[in-house]
Amino acid sequence: MALLCSLLAWALLALKGLKAEDEACCGTIVPRSEWGALPSTCARELEVPVPYVVVSHTAGSPCDTPALCLQQAQNVQHYHVRTLGYCDVAYNFLIGEDGLVYEGRGWKVKGDHSGPTWNPMSIGITFMGNYMKRVPPPRAIRAAQSLLACGVAQGILSPNYEVRGHRQVQQTQSPGDQLYEIIRKWPHHYEE
Amino acid sequence: MRKARFWGLLWTSFILELQGAPTSETKRTLTEGTHLMEKCPVSVNKYLYYRKAWQRLGDRGEIQTLVNTELTSGMNSKVQMGRYILDDMPREGIMYIHMSDLRLEDSGLYRCVIYQPPKAPIPLHQPIRLVVTRDPASHVDSIQNLAQSSTLPPVTTLPPVTTTTQGRTRASTRPVTQPMSTASLGVNPTHKTDTPRISTTSIITIVVCGILSKSLVFTLLLIATQRSFGS
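As the structure is a computational prediction, the values presented were derived from the model and not from experiment.

## So, the overall build of chain B
Then, number 1: A tally of regular secondary structure across chain B gives five helices and nine strands.
Then, number 2: When its helices and strands are written in sequence order, chain B yields α-β-β-α-β-β-β-β-β-β-β-α-α-α.
Then, number 3: Split into buried and exposed, the 231 residues of chain B put 41% on the buried side.
Then, number 4: A separation threshold of at least 6 residues defines the contact pool for chain B, and within that pool the share at least 24 residues apart is 63%.
Then, number 5: As presented, chain B carries roughly 13200 Å² of accessible surface, and 61% of it is formed by carbon and sulfur atoms.

In structure tokens:
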């Protein structure tokens, strides 16, 4: 009996040492080529590991099917590149209400989502839609969380990365009242 | 009853041990004479119109405000107090702290806060443990350095606190810093100068024993419990 208990004790302690971030399912990102992205002319890279993630919303139309979200991703990029003159869509990743993640600038390139202070030190993810009065469906939230877990697994996001809402880093309503309340409950969210 | 309570205690402490202790300080190690630059994020939506400060935390919980902002307009401000600079950019959600010409006695615990006297300050993020090490390129004898710096009045380098208002520990700032600085002086030089050579095997042995000892203690306690209460 005592031997069994002590063996259990050793096993549990060993397991504790080996425990790591397991959710490394990184295969569900829709690549640029698939959603018909214009080529990027961005050059600035992010310094890895990235300590922060900034969550925003596009404040534009939502989309709940892959066909609609593909179009919406293109629309957002067109606006940023053709109208605002950016080198590419501002965000590193876009999340659709179809539950899919759309590759923006990706993990390695600096975005243009949160101003000169936060862009070089964060990954900017955006939810396609306006979330002042609505919430994204659970599949969109799951997609975002699994994307971030993937970032950690790849060593791009620091294991202690912090999530902040866009309104915490710039004067804006983004990511919308409803979505902000959701991300405030995320384990990596930092309030102050 | 007694047995059950004992088991309960044992398993509770075991589970707590499994969870581990979270890190609660950010460590910065710099050589004397160099410059510390710290970034403190501040949420725009919460604290745009609040004042900020950089404070030092003493060993006995004393708080010393080294530099603070005055503006509550949300505009950028840059305040300098001796070797400390606070560069606040409220609409960018960040403030920068600069400490120049670092000295050994600067070693200690610091933090960025929302400054709102007479109310208690709100810490922003975890405190920063600054460790200032001796310059390895220095040619002066280390014992002489120790004698010299202990006679220097470190308090004169620390600026008078400007916003004394109704703050609690303000009157004690000067006497407080001396014990802190001599304490830190006592730690740093001995580490640098008097550390004997330890063989690699001893280090490995100590580390392995440390890891094993925790589980060993629990195993022994379990066996002891079994023996004493019978099973």
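So much for the structure itself; the text now carries on.
## Describing the UniProt feature "domain: N-acetylmuramoyl-L-alanine amidase" (unreviewed entry) in chain A
Then, number 1: UniProt records the feature "domain: N-acetylmuramoyl-L-alanine amidase" (unreviewed entry) for residues 38-176 of chain A in the present numbering.
Then, number 2: Here residues 38-176 of chain A is 30% helix and 21% strand, with 28 Å between the C-alpha atoms at its ends.

## So, the UniProt feature "domain: Immunoglobulin V-set" (unreviewed entry) in chain B
Then, number 1: Feature annotation in UniProt places "domain: Immunoglobulin V-set" (unreviewed entry) on residues 31-131 of chain B, given in this structure's numbering.
Then, number 2: As a span, residues 31-131 of chain B carries 4% helix and 54% strand, and end to end its C-alpha atoms are 8 Å apart.

## So, the sheet that holds strand 6 (residues 157-165) of chain A
Residue and element names in this part refer to chain A.
Then, number 1: Ordered in space as 1-4-3-5-2-6, the six strands form an open sheet in which the pairing is mixed. The open sheet has two free edges, formed respectively by strand 1 (29-30) and strand 6, since each of these has just one partner strand.
Then, number 2: Of the pairings in the sheet, the one linking strand 3 (residues 93-95) to strand 5 (residues 122-127) comprises three bridges and is parallel in character. Directly across from Phe93, in strand 5, lies its bridge partner Ile125.
Then, number 3: Set on the sheet, helix 5 (residues 138-153) makes contact with strand 1, strand 2 (50-57), strand 3, strand 4 (101-103), strand 5 and strand 6; between it and strand 6 the angle comes to about 145°.

## A few points about the packing of aromatic side chains
All names here are of chain B.
Then, number 1: For the coordinates displayed, the defined rule picks out five aromatic pairs over all chains.
Then, number 2: Between Tyr47 and Tyr50 the ring centres are 5.4 Å apart and the planes differ by 85°, which places this aromatic pair in the edge-to-face class.
Then, number 3: With a relative accessible area of 34%, Tyr50 lands in the partly exposed category.
Then, number 4: One cation-aromatic arrangement involves Arg83 over Tyr84; the distance from NZ or CZ to the ring centre is 5.8 Å.

## Regarding the pattern of salt bridges
Then, number 1: For the structure shown, the criterion picks out 16 salt bridges over all chains.
Then, number 2: Close ionic contact of Asp112 of chain A with Arg105 of chain A constitutes a salt bridge, the shortest N to O distance being 2.9 Å.
Then, number 3: Of the residues examined, Asp112 of chain A reaches a relative accessible area of 25% and is grouped as partly exposed.
Then, number 4: Classification of Arg105 of chain A as buried rests on a relative accessible area of 7%.
Then, number 5: Two residues, Glu191 of chain A and Arg184 of chain A, come together in a salt bridge whose shortest N-O distance is 2.9 Å.
Then, number 6: In this structure Arg184 of chain A comes out as partly exposed when scored by relative accessible area, which is 34%.
Then, number 7: One connected set of salt bridges, linked through shared partners, spans Glu181, Arg184, Glu191 and Glu192 of chain A together with Lys46 of chain B.

## Observations concerning the sheet that holds strand 4 (residues 63-68) of chain B
Adjacent strands of a sheet form backbone hydrogen bonds with each other and so pair up, either parallel or antiparallel.
Residue and element names in this part refer to chain B.
Then, number 1: With respect to topology, five strands assemble into an open sheet ordered 1-9-8-3-4, the strand pairing being mixed. Each end of this open sheet is capped by a strand with a single partner; those strands are strand 1 (26-31) and strand 4. Ignoring which end each strand starts from, the neighbouring axes of this sheet average 30° apart.
Then, number 2: Across seven bridges, the pairing between strand 3 (residues 51-57) and strand 8 (residues 108-115) is antiparallel. Bridging from a neighbouring strand, Lys52 pairs with Ile114 of strand 8.

## Quick word on the environment of Ser138 of chain B
All names here are of chain B.
Then, number 1: Along the polypeptide, Ser138 turns up in the loop between strand 9 (122-133) and helix 3 (142-151).
Then, number 2: A residue is classified by how much of its surface remains accessible, and Ser138, at 29% relative accessible area, is partly exposed.
Then, number 3: C-alpha separation for the pair Ser138 and Ile204, spaced 66 residues apart in sequence, amounts to 32 Å.

Calculation rules
- Residues numbered from 1 in each chain as written.
- Chains lettered and ligands numbered in written order.
- Predicted model: local features only at pLDDT ≥ 70, side-chain atom pairs only at ≥ 80, totals over all residues.
- Heavy atoms only, no water.
- Helix = DSSP H or I, 4+ residues; strand = E, 2+ residues; numbered from the N terminus.
- Buried < 20%, exposed > 50% of the residue type's maximum accessible area, 1.4 Å probe, protein only.
- Contact = heavy atoms within 4.5 Å.
- Areas by Shrake-Rupley, 256 points an atom, 1.4 Å probe, with all protein chains shown as cover.
- UniProt positions renumbered as here; feature names shortened; annotations may be inferred.
- Pairing = 2+ DSSP bridges.
- Axes fitted to C-alpha atoms, helices over the stretch in contact; angles between N-to-C directions.
- Phe/Tyr/Trp six-rings, centres within 6.5 Å; stacked < 30°, edge-to-face > 60°.
- Lys NZ or Arg CZ within 6 Å of the ring centre and 35° of its normal.
- Salt bridge = Lys/Arg side-chain N within 4 Å of Asp/Glu carboxyl O.

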